[in-house]
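Residue strings, one per chain:
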Amino acid sequence: MLKAERLSYYRDGHPIFSEISFNVEAGTCCFVKGQNGSGKTTLLRILAGHLPIQSGIIHLNGMRISSDRDFIS
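Residues numbered from 1 in each chain as written. Predicted model: local features only at pLDDT ≥ 70, side-chain atom pairs only at ≥ 80, totals over all residues. Heavy atoms only, no water.

A.B. asks: I'd like to hear about the environment of R6, residue by residue, with values.
C.D. replies: Relative to the assigned elements, R6 resides in strand β1 (residues 2-11). A residue is classified by how much of its surface remains accessible, and R6, at 42% relative accessible area, is partly exposed. Separated by 11 residues in sequence, R6 and F17 place their C-alpha atoms 10.0 Å apart. Beyond its immediate sequence surroundings of up to four residues, R6 is in contact with E19, I20, S21, S55, G56 and I57. (Helix = DSSP H or I, 4+ residues; strand = E, 2+ residues; numbered from the N terminus. Buried < 20%, exposed > 50% of the residue type's maximum accessible area, 1.4 Å probe, protein only. Contact = heavy atoms within 4.5 Å.)

In structure tokens, the structure reads:
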């Protein structure tokens, strides 16, 4: 399961998105939808590890993932 809690991302001091939380259960999918510039690609880059987690927590299969992509028990 993928779980995101209170994810926020800022660029040049301006929020791209803030306080996003969601769960994606194993065997299901998630549809990311929004207007141009709403942060969809930024969110996916954070989840893929291409951008650091600025604020919030990501858990993958119950393990917390840090900004440097080390798993924390």
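A.B. asks: Any details on the pairing of β1? Residues and values, ideally.
C.D. replies: Where β1 and strand β2 (residues 14-24) come together, 7 bridges link them in antiparallel fashion. Residue pairing for β2: L2 is matched across the bridge by V24. (Pairing = 2+ DSSP bridges.)

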